[in-house]
Amino acid sequence: MKEFEAGCSRPKGQAKPATTIVATPEVERGEQKTMIQVGKPAPQFSAPAFYQGKFVEMDLADYKGKWVMLCFYPGDFTFV
Amino acid sequence: MDSVFVHKIWNDNELSKMLGGKDVPFAMLSDQNGNIGRLYGVYDEEAGTETRGRFIIDPDGVIQAFEVMTPPVGRNVKETLRQIQAFQYVREAKGAEVAPAGWRPGKNTLKPGPQLVGNVWKEWKVQEAFEE
């Protein structure tokens, strides 16, 4: 986990499409569709994060060997 | 979706107040362009937001469970923790035991095998699914 300087440019994060992007008919229309399946590897990614008062770079790969709960939500300050 | 700056302000001005002055204990990641959400199939292109997706990833990096909800209903954190405890238990048991409906730590598991086929009714009662 690397701390980064808070600047004006948007910090980089990236989805890392690896083996889990499955080609479907949609791909022919120029779209990629992800197939998330239980029992299959979680798609890898890295992202900037706020953690313990600091701005850090998070990578899912750093959590190998640990149980991870990954939550998505619509936005900060939403009510529920 | 928000920047890490907004995460900080949300933590400092609201969430920490729910936590008796402590910071949110986990990392608040920023997925500003929605690419991670797309990768996990929880990004709503029309609304331009993430839905409430929740994934349990085991120590091998394998997804063991997920739940996806539309925005207006909150999650059941106790249920998520119960699932993690159950997945940890069966992982430890290496296939020798499985966790039936409503299982939580301390409750009976089932031992799969030829003798259990057709005999679950003797080992497990429906009310166990509803008991704490």
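Residues numbered from 1 in each chain as written. Chains lettered and ligands numbered in written order. Predicted model: local features only at pLDDT ≥ 70, side-chain atom pairs only at ≥ 80, totals over all residues. Heavy atoms only, no water.

What about the overall build of chain B?
- Helix and strand counts for chain B stand at four helices and five strands.
- Along chain B, helices (α) and strands (β) appear in the sequence α-β-α-β-β-β-β-α-α when read from the amino end.
- For 132 residues, the compact-globule estimate of 2.2 N^0.38 gives 14 Å, and the C-alpha radius of gyration of chain B, at 19 Å, exceeds that figure by more than 25%.
- Based on the C-alpha atoms only, the size of chain B along its principal axes is roughly 55 × 35 × 30 Å.
- Sorting the 132 residues of chain B into buried and exposed places 39% on the buried side.
- Looking at chain B alone, contacts between residues at least 24 apart form 25% of all its contacts between residues at least 6 apart.
- Total accessible area on chain B is roughly 7,700 Å²; 57% of this is exposed by carbon and sulfur atoms. (Helix = DSSP H or I, 4+ residues; strand = E, 2+ residues; numbered from the N terminus. Rg over C-alpha atoms; globule rule 2.2 N^0.38 Å. Buried < 20%, exposed > 50% of the residue type's maximum accessible area, 1.4 Å probe, protein only. Contact = heavy atoms within 4.5 Å. Areas by Shrake-Rupley, 256 points an atom, 1.4 Å probe, with all protein chains shown as cover.)

A short note on the side chain of Glu50(B)
- Inspection of the secondary structure puts Glu50(B) in strand β3 (residues 49-50).
- Within the buried core, Glu50(B) has no salt-bridge partner, and the shortest N-O distance to an opposite charge, that of Arg38(B), equals 7.7 Å.
- In this structure Glu50(B) touches Phe72(A), Tyr73(A), Pro74(A), Met1(B), Asp31(B), Gly34(B), Gly37(B), Val42(B) and Tyr43(B), once residues within four positions along its chain are discounted. (Lys, Arg positive; Asp, Glu negative; His and termini not counted. Salt bridge = Lys/Arg side-chain N within 4 Å of Asp/Glu carboxyl O.)

Description of the domain arrangement of chain B
Residues and elements named next belong to chain B.
- Split by domain assignment, chain B resolves into domain 1 (4-75) and domain 2 (78-129).
- One C-alpha centre belongs to domain 1, the other to domain 2, and the line joining them spans 29 Å.
- Residue-level contacts link seven residues of domain 1 with five residues of domain 2.
- For the pair domain 1 and domain 2, the summed buried surface comes to about 550 Å²; carbon and sulfur atoms form 56% of the total.
- On the domain 1 side of the contact with domain 2, Arg 54, Ile 56 and Gln 64 bury the most area, a combined 64% of that side's loss.
- In this structure, the connection of domain 1 to domain 2 is made through two salt bridges.
- One salt bridge in this structure joins Asp 58 and Arg 91, with 3.6 Å as the shortest N-O distance.
- Put simply, the parts of the chain that give the side of domain 1 that touches domain 2 at least two residues each are β4 (52-57) and β5 (63-69).
- Grouping the amino acids of the side of domain 1 that touches domain 2 by side-chain chemistry returns three nonpolar, one polar and three charged. (Domains from an automatic or database assignment. Buried area = accessible area lost by both parts, 1.4 Å probe. Nonpolar A, V, L, I, M, F, W, Y, C, P; charged D, E, K, R; others polar.)

Some words on unusual backbone geometry
- A positive phi angle is found at Gln52(A), which is not glycine, with a value near 50 degrees.
- With respect to the helices, strands and loops of the structure, Gln52(A) is situated in the loop between β3 (44-51) and β4 (54-59).
- In the Ramachandran plot, Lys94(B) falls in the positive-phi region, its phi being about 50 degrees despite a non-glycine side chain.
- Looking at the secondary structure, you find Lys94(B) in the loop between α3 (77-93) and α4 (120-123).
- By relative accessible area, Lys94(B) is classed as exposed at 73%.

Some thoughts on the sheet that holds strand β5 (residues 68-71) of chain A
- In space, the three strands of this open sheet follow the order β5(A)-β4(B)-β5(B), with antiparallel pairing throughout. The open sheet is flanked by β5 of chain A together with β5 of chain B, the only strands paired with a single partner. Strand-to-strand twist in this sheet, taken as the mean axis angle between neighbours without regard to direction, amounts to 10 degrees.
- Two strands pair when backbone bridges link them, and β4(B) and β5(B) are joined in this way by six bridges, in the antiparallel orientation. In the strand pairing of β5(B), Arg54(B) is matched with Glu67(B).
- Sitting on the sheet, α3(B) is in contact with β5 of chain A together with β4 and β5 of chain B, with an inclination near 20 degrees to β4(B). (Pairing = 2+ DSSP bridges. Axes fitted to C-alpha atoms, helices over the stretch in contact; angles between N-to-C directions.)

Side note on the interface of chain B and chain A
- Listed per partner, the contact involves 57 residues of chain B and 46 residues of chain A.
- Taking both sides of the interface into account, the surface hidden between chain B and chain A amounts to around 4,400 Å²; carbon and sulfur atoms contribute 69%.
- A per-residue breakdown of the area chain B buries against chain A is headed by Trp10(B), Leu39(B) and Pro59(B), which together make up 16% of the total.
- Where chain B touches chain A, the interface holds zero salt bridges.
- Seen at the junction of chain B and chain A, the total is 13 residue pairs in polar contact (both at pLDDT 80 or more).
- The set of elements that each furnish at least two residues to the side of chain B that touches chain A consists of α1 (4-18), β1 (28-29), α2 (35-39), β3, β4, β5 and α3 of chain B.
- Two strands pair when backbone bridges link them, and β5(A) and β4(B) are joined in this way by four bridges, in the antiparallel orientation. Looking at β4(B), one finds that Val68(A) is bridged to Ile57(B). (Polar contact = N/O pair within 3.5 Å; in protein donor to acceptor, adjacent residues only side chain to side chain.)

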